[in-house]
Amino acid sequence: MSSPVPTAPGALPGLGHALPLLRDPLRFLRGLAGSGPLVRVRIGPLPVLLVCEPALIRQLLLDDRTFDKVGPIAERSKDLVGEGLAGCPHQLHRRQRRLCQPSFHPHRLPDYAAQFGASAERTASSWRDGQLLDVPAELLTMTMRSTLTAIFATTLPEATGRQLLADLAVLLDGSFRQILTPPPLDRLPIPANRRYRLATERFERTLGELAVRRRAEPNGGGDLLSSLIDALDPDSGTAERALSDAEVTDQLRTFFVAGTETTAATLGWTLHLLARHSEVQRRLRAELARVLGGAAPTLADLPALPLTRHTVTEALRLYPPAWMLTRDTTGPAELGGHRVPAGHTVAWSPYLLHHRADLYPDPERFDPDRWRDTKPDRTAYLPFGSGPRKCIGEQFALAQAALSLAVIAGRWQVEPAAAVRPAARSTLTPRGLRLRVRAVTGRQ
Ligand code: HEM
């Protein structure tokens, strides 16, 4: 019989571990990195089983029938992304995944990548020498814009695009609070709730109208929206288009919500780390100058830019934007010799996993060179998750992060200007990150 699962230290009556989790979740998680394979945590009244060991995390992620996206947290996120790919239960998932896969096929990546490069150029060329940047805001605008263009190509009226991005910013900002606010408090007519509702509803409505309009066009563009609309279900045996308008809308909402803040955070953390490690920054600039010679980077250049890629890999290890993920058991389950009852919330943290000293020597050290001769391990390095629910946008995000970094670091040297406060909300973001930019000599 295995020994009982320990409870994480610091629980308070009634609150459980809510306070340390709200105040400084990363410290709380680092404190658990040396614990056993399983730890009990309580968030207020909700008991959560935190899975810490790579082999058990793998078991959890591979068995998406037993450990499913159901339960209170999954329910609350439906407001935001409907029944889209990221939030739907197992029963709806396989079909949706098959239908969304063509939109992320590697042959589409060069077209998307051209948008990523152009959007990064537009952002980086708007900065001035010596400017103090509000990094999270700049990068979020940049990733939202390039996702918008990858989805709609250039078919969107300027004003519609602006409205979509403004609404998306409001809903990303309010989503964590809304998911944690129990109904009916989330419906109280206070300004924050009203603003959030208005933005969420208008965002959904606008995307829905755009999907309907595009379906009526005989020849859509070669963008992500067209590939979703044209997707055929190989199992249906007919040439019927498989995703309804409402389903296309939910997927679009999902891609915007799952893909913009996460990629912006990845880049924000990357710039933060480079600003504090000037030697790595100098080597990165040298690599970019040697390989690109001042030209705009393309997807085809990435294999020749190892330090650029490894810097992103290492930033995703130290600060995985999806820092804590949950599932709920659909029936009695077993993990590491312990019984887990049906309807129990089970969590795992890429952050905790990536900071384990037994997996990463000197885990707190920023060292892109640790990836020079080692490929990311399929059980120890999981910024994009694993198993059937693994991130569908992984290559999309990595290309966007690496190309944007190549554009920015080729033009600008970044210097620290203020202390950063990691904000672990839906996404782990570098809140308050301010960096001063200096023009790279010979570029201006
Ligand atoms: C650096 C950026 C990103 C990170 C760190 C990230 C991380 C993740 C993780 C960890 C998961 C698994 C969630 C779970 O197991 O519960 C996931 C799923 C997902 N991601 Fe990403 N993601 C990123 C970018 C993107 C982009 C750019 C898109 C789309 C444009 C995207 C769309 C999705 C979708 C649709 C799912 C659900 C997949 C499924 O359930 O089949 N993500 N992401």
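Residues numbered from 1 in each chain as written. Predicted model: local features only at pLDDT ≥ 70, side-chain atom pairs only at ≥ 80, totals over all residues. Heavy atoms only, no water.

- As recorded by an unreviewed UniProt entry, the protein carries the name Pentalenene oxygenase and is attributed to Kitasatospora viridis.
- Under the UniProt heading Cofactor (unreviewed entry), the entry covering the protein gives this text: "heme". (UniProt positions renumbered as here; feature names shortened; annotations may be inferred.)

Observations regarding the site of the ligand
Thought 1: Surrounding the ligand, one finds 28 residues, the nearest of these being H93, R97, R327, R389 and C391.
Thought 2: Here L85 contributes a backbone N or O atom positioned 3.3 Å from an oxygen atom of the ligand.
Thought 3: Take R327: an N or O atom from its side chain is 2.8 Å from an oxygen atom of the ligand.
Thought 4: At seven residues, the largest contribution of residues to the shell around the ligand is made by helix α12 (residues 245-275).
Thought 5: Of the residues that constitute the shell around the ligand, the class distribution is 15 nonpolar, eight polar and five charged. (Near = heavy atom within 4 Å. Polar contact = N/O pair within 3.5 Å; in protein donor to acceptor, adjacent residues only side chain to side chain. Helix = DSSP H or I, 4+ residues; strand = E, 2+ residues; numbered from the N terminus. Nonpolar A, V, L, I, M, F, W, Y, C, P; charged D, E, K, R; others polar.)

What about helix α10 (residues 191-216)?
Thought 1: The terminal C-alpha atoms of α10 lie 38 Å apart, and with 26 residues this matches the ideal 38 Å at 1.5 Å per residue to within 8%.
Thought 2: Within the sequence span of α10, burial applies to N193, Y196, R197, A199, T200, F203, T206, L207, G208, L210, A211 and R214. (Expected span 1.5 Å × (residues − 1). Buried < 20%, exposed > 50% of the residue type's maximum accessible area, 1.4 Å probe, protein only.)

Quick word on the coordination of the iron atom of the ligand
Thought 1: You will see that the iron atom of the ligand has only one donor from the protein, C391 (SG), lying 2.3 Å away.
Thought 2: Tracing the backbone shows C391 in the loop between α15 (350-354) and α16 (394-411). (Donors = N, O, S within 2.8 Å, 3.2 Å for Na, K, Ca; no water.)

Some remarks on unusual backbone geometry
Thought 1: One non-glycine residue, D362, lies in the positive phi region at around 50°.
Thought 2: If you trace the backbone, D362 turns up in the loop between α15 and α16.
Thought 3: The class for D362 is partly exposed, based on a relative accessible area of 45%.

Details of the pattern of salt bridges
Thought 1: A complete count under the given rule lists 22 salt bridges for this structure.
Thought 2: Of the charged contacts in the structure, one is a salt bridge between R202 and D167, with a shortest N-O distance of 2.8 Å. You can see R202 sitting in helix α10 and its partner D167 sitting in helix α9 (residues 158-180), a full 35 residues away along the chain.
Thought 3: Judged by relative accessible area, which is 25%, R202 ranks as partly exposed.
Thought 4: Judged by relative accessible area, D167 falls into the buried class, the value being 2%.
Thought 5: With a closest N to O distance of 3.0 Å, R253 and D250 form a salt bridge. Here D250 and R253 lie together in helix α12, a separation of three residues that amounts to about one turn.
Thought 6: Judged by its relative accessible area of 14%, D250 is buried.
Thought 7: Taken together, the shared-partner salt bridges connect E204, D250 and R253 into one network. (Salt bridge = Lys/Arg side-chain N within 4 Å of Asp/Glu carboxyl O.)

Some thoughts on the packing of helix α8 (residues 135-152) against α12
Thought 1: In contact at an axis separation of 8 Å, α8 and α12 are set at 140° when each is read in the N-to-C sense. The angle between the axes of α8 and α12 places the two elements in the oblique class. The handedness of the crossing between α8 and α12 comes out as right-handed. Facing α8, whose interface residues are V135, L139, L140, M142, T143, M144, T147, L148, I151 and F152, α12 presents L252, F255, F256, T260, E261, T263, A264, L267, G268 and L271.
Thought 2: For the contact of α8 with α12, the residue count by class is 14 nonpolar, five polar and one charged. (Axes fitted to C-alpha atoms, helices over the stretch in contact; angles between N-to-C directions. Parallel < 35°, antiparallel > 145°, perpendicular 65-115°, else oblique. Left-handed = near helix turned anticlockwise from the far one by under 90°. Contact = heavy atoms within 4.5 Å.)

Structural notes on the environment of L139
Thought 1: Looking at the element boundaries, L139 is found in helix α8.
Thought 2: Given the relative accessible area of 1%, L139 is considered buried.
Thought 3: When residues no more than four places from it in sequence are discounted, the contact partners of L139 are A264, L267, G268, L271 and I408.

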